[in-house]
Protein chains: 2
Amino acid sequence: MQTHPALQDAATILPFPGARTLHADLLSGLRDLVNQGDLAPGARVPERALCERFGVSRTPLREVLKVLAAEGLVELLPNRGARIATLGDDHLFHLFEVIGLLEAEGGRLACARITPDAVAEIQGLHYRMYAHFLRHELPEYFALNQQIHAAILTAAANPVLSSSFASLAGRITRARYMSNRMHPARWQQAMDEHEAMLALLLQRDGEGLAALLRQHLANKRDIIIEAMATPG
Amino acid sequence: MQTHPALQDAATILPFPGARTLHADLLSGLRDLVNQGDLAPGARVPERALCERFGVSRTPLREVLKVLAAEGLVELLPNRGARIATLGDDHLFHLFEVIGLLEAEGGRLACARITPDAVAEIQGLHYRMYAHFLRHELPEYFALNQQIHAAILTAAANPVLSSSFASLAGRITRARYMSNRMHPARWQQAMDEHEAMLALLLQRDGEGLAALLRQHLANKRDIIIEAMATPG
DNA sequence: CTCCCGTAAAATGAATGCAATCCGTGCTTG
DNA sequence: CAAGCACGGATTGCATTCATTTTACGGGAG
């Protein structure tokens, strides 16, 4: 019955774009647990508990853990299972160094390759974010913020760049969650930087945008390290 | 008996450096099969055959396949198993774009952070490579070549940068194997570029080295694309 | 002759079972 | 009394097994 449409879909999907894996929900579920801090850094990953938590057997869960280990979110110890990866200061520094590099290049390429429509879309996101900034609505601000950065990466039109960035950015998501509160001055500064970003994007100033993005991320890094230093 | 030393080892290993996973040999074994072309791009990955090939059950093999999928060497299709990832021209272009970015940054950082000992070591590698170049010993030349690039990355002293580079470089290893023959003119050019690289490294000219590495990789890209276009 | 469909064989994805290893508790011993 | 050790429970890693889907092959209709 459905063999034909399925086969056609498969044929169209097969050539290039990576098809969704069956256990994608499990993967994202575990990622959320790690990012939201339900599993503390350095803590053991309780396979049994997570199995009944997600209603699956240990086999698929272990496969997902292997993937998370490849992504750097957990560490696998022989005969001792998985532990949530820790984020040391130097490791965080190195992560930001590479993430800043990728994002800067993303901005540079975006200025060269972006379409007017995409610029307009980013502009729209920016103003919506600005509105949330004025109303001090932090979660919505953060959401739009990430969408803008993702849109710039997308405009760079390099899937490898995007996925590499996403992979590395995923490792610091947890640290970001921890620093959800923001000093008003820092927030204002971040908003100013976003204003400048939009201006540079409109001018297609790739070098300027690259430099600004790098500085923007360096500031964010300082915020996060600051937040990690002062617990609470 | 060995509980105590093992525990101590684990305690020292546990804090930061990622411990070796138990099935690392299986992973590298599969990688080699893909890179050496024993498994053609786009071909199905025969789980059963590989299981008896490596003498393991399907469970660990499937876990490794998931990891390889996360690395981008294979693609997982729902209910249809794994296929060797294909390397389209545009995908190859995007890969080289990011790899070049990472390697250029590696050179830049290396010039800022490298120790005199490391410089001397790279110099030694370089002259050994030069000797193989003069004798037209391509495999040895390639091996030293990769060692030099790896040494520069190591000198950049950023593990995240190194591992990201290694991950992406691993995806084009297969394409590299295919273009093992080299036109004499191209080879001479590559050797000249390596000479310049060493000079720039000795001068600690980070910007110059970054630019040269990028150009060097762009040339390599052209060689590979050229080799892919002309089969045989 | 070509195309389509129905059935069997094979392969995938997940669950369960089993040997080996690790961790916590209580006991022994100097 | 402290330190080391042995033993039992718990956990890991892998092999095996089972349902579901896909794929290959043969027959029949147009």
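Fair warning: this is a prediction, and the values are worked out from it, not measured in the lab.

(A) Quick peek at the relation of the copies chain A and chain B. For the pair chain A and chain B, the relating rotation is 180°, the translation along its axis is 0.1 Å, and the fit reaches an RMSD of 0.1 Å. A rotation of that kind, with that shift, is consistent with a two-fold axis.

(B) Focus on the interface of chain A and chain B. Opposite the 39 residues of chain A that make contact, chain B presents 39 residues. For the pair chain A and chain B, the two sides together bury roughly 3500 Å², of which 63% comes from carbon and sulfur. Across the salt bridge formed by B:Glu63 and A:Lys66, the nearest N and O atoms sit 2.9 Å from each other. Linking chain A to chain B there are eleven residue pairs in polar contact (both at pLDDT 80 or more). Of all the secondary structure elements, the ones that give two or more residues to the side of chain A that touches chain B are α4 (58-71), β1 (74-77), α5 (89-113) and α8 (159-171) of chain A.

(C) Representation of the protein's contact with DNA strand D in the model. For DNA strand D, the set of nearby residues contains 18 residues, the closest of which are A:Arg58, A:Arg62, B:Ser57, B:Thr59 and B:Arg80. Backbone sugar and phosphate groups make up 68% of those atoms of DNA strand D lying within 4 Å of the protein. Contact distances for DNA strand D include 3.5 Å between a phosphate oxygen and a backbone N or O atom of A:Leu77. Contributions of two or more residues to the surface near DNA strand D are made by α4 of chain A together with α4 (58-71) of chain B. Residues of the surface near DNA strand D, tallied by class, amount to five nonpolar, six polar and seven charged.

(D) Layout of the side chain of B:Glu105. Topologically, B:Glu105 is positioned in helix α5 (residues 89-113). With sequence-adjacent residues up to four places away left out, B:Glu105 is seen in contact with A:Leu101, A:Arg214 and B:Leu161.

(E) Region of the structure containing the confidence of the model for chain A. Residue and element names in this part refer to chain A. Across chain A, pLDDT averages 89, with 90% of residues at or above 70. Mean pLDDT across the elements of chain A ranges from a minimum in helix α1 (residues 3-13), with 34, to a maximum in helix α6 (residues 116-134), with 98. A low-confidence stretch, residues 1-19 stays under pLDDT 50, and its non-local contacts, those more than four residues away or across chains, total nine contacts.

(F) Structural context of the protein's contact with DNA strand C. Taken together, 19 residues are adjacent to DNA strand C, and A:Ser57, A:Thr59, A:Arg80, B:Arg58 and B:Arg62 come closest. Near-protein atoms of DNA strand C (within 4 Å) split between backbone and bases, with sugar and phosphate holding 67%. Measuring from a base nitrogen of DNA strand C, one finds a side-chain N or O atom of B:Arg58 at 2.8 Å. Within the residue set of the surface near DNA strand C, elements represented by two or more residues are α4 of chain A together with α4 of chain B. For the surface near DNA strand C, the element with the most residues is α4(A), which contributes three residues.

(G) Looking closely at the pattern of salt bridges. This model, assessed by the stated rule, comprises 20 salt bridges over all chains. Among the salt bridges present, the one from A:Glu63 reaches B:Arg62, with a minimum N-O distance of 2.7 Å. Residue A:Glu63 is found in helix α4, and its partner B:Arg62 is found in helix α4; the two belong to separate chains. We classify A:Glu63 as buried; its relative accessible area is 5%. For B:Glu71, the salt bridge is made with B:Arg31, and the minimal N-O distance between the two is 2.5 Å. A residue pair is termed long-range when its members are at least 10 positions apart, and B:Glu71 in helix α4 and B:Arg31 in helix α2 (residues 24-35) qualify at 40 residues. We classify B:Glu71 as buried; its relative accessible area is 17%. Among the residues examined, B:Arg31 registers a relative accessible area of 27% and is labelled partly exposed. Taken together, the shared-partner salt bridges in this structure form one network comprising A:Glu47, A:Arg58, A:Arg62, A:Lys66 and B:Glu63.

(H) Inspection of the pairing of strand β2 (residues 81-84) of chain A at higher detail. Residue and element names in this part refer to chain A. Here β1 pairs with β2 via four bridges, running antiparallel. Opposite leucine 76, over in β2, you have alanine 82 as the bridge partner. The loop that links β1 with its antiparallel partner β2 comprises three residues; one of these, asparagine 79, has a positive phi angle of about 60°.

(I) Spotlight on helix α10 (residues 184-202) of chain B. All names here are of chain B. Between the first and last C-alpha of α10 there are 27 Å, a value that for 19 residues agrees with the 27 Å anticipated at 1.5 Å per step. Buried residues of α10: Trp187, Ala190, Met191, Glu193, His194, Met197, Leu198, Leu200 and Leu201, and no others. Its buried side turned inward, α10 meets α5, α6 (116-134), α7 (138-155) and α11 (206-229). A positive backbone phi angle near 60° is found at arginine 204, which sits one or two residues after α10.

(J) Quick look at the packing of aromatic side chains. All names here are of chain A. Within the structure shown, the criterion is met by ten aromatic pairs over all chains. Considering the side-chain rings of phenylalanine 133 and tryptophan 187, the 5.4 Å spacing of their centres and the 80° angle between planes classify their relative orientation as edge-to-face. Highlighted residues: phenylalanine 133 in helix α6 and tryptophan 187 in helix α10 (residues 184-202), separated in sequence by 54 residues. When sorted by exposure, phenylalanine 133 lands in the same class as tryptophan 187, which is buried. Measuring from ring centre to ring centre gives 6.0 Å for tyrosine 141 and phenylalanine 142, while their planes differ by 65°; the resulting arrangement is edge-to-face. Of the two residues examined, tyrosine 141 and phenylalanine 142, each falls in the buried class. Here the aromatic cluster, defined as three or more aromatic residues joined through ring pairs, consists of Tyr130, Phe133, Tyr141, Phe142 and Trp187. When the ring centre of phenylalanine 54 is taken as reference, the NZ or CZ atom of arginine 53 above it lies at 5.4 Å.

The rules behind each value
- Residues numbered from 1 in each chain as written.
- Chains lettered and ligands numbered in written order.
- Predicted model: local features only at pLDDT ≥ 70, side-chain atom pairs only at ≥ 80, totals over all residues.
- Heavy atoms only, no water.
- Least-squares fit on C-alpha atoms with pLDDT ≥ 70 in both.
- Contact = heavy atoms within 4.5 Å.
- Buried area = accessible area lost by both parts, 1.4 Å probe.
- Salt bridge = Lys/Arg side-chain N within 4 Å of Asp/Glu carboxyl O.
- Polar contact = N/O pair within 3.5 Å; in protein donor to acceptor, adjacent residues only side chain to side chain.
- Helix = DSSP H or I, 4+ residues; strand = E, 2+ residues; numbered from the N terminus.
- Near = heavy atom within 4 Å.
- Nonpolar A, V, L, I, M, F, W, Y, C, P; charged D, E, K, R; others polar.
- pLDDT = per-residue confidence, 0-100.
- Buried < 20%, exposed > 50% of the residue type's maximum accessible area, 1.4 Å probe, protein only.
- Pairing = 2+ DSSP bridges.
- Expected span 1.5 Å × (residues − 1).
- Phe/Tyr/Trp six-rings, centres within 6.5 Å; stacked < 30°, edge-to-face > 60°.
- Lys NZ or Arg CZ within 6 Å of the ring centre and 35° of its normal.

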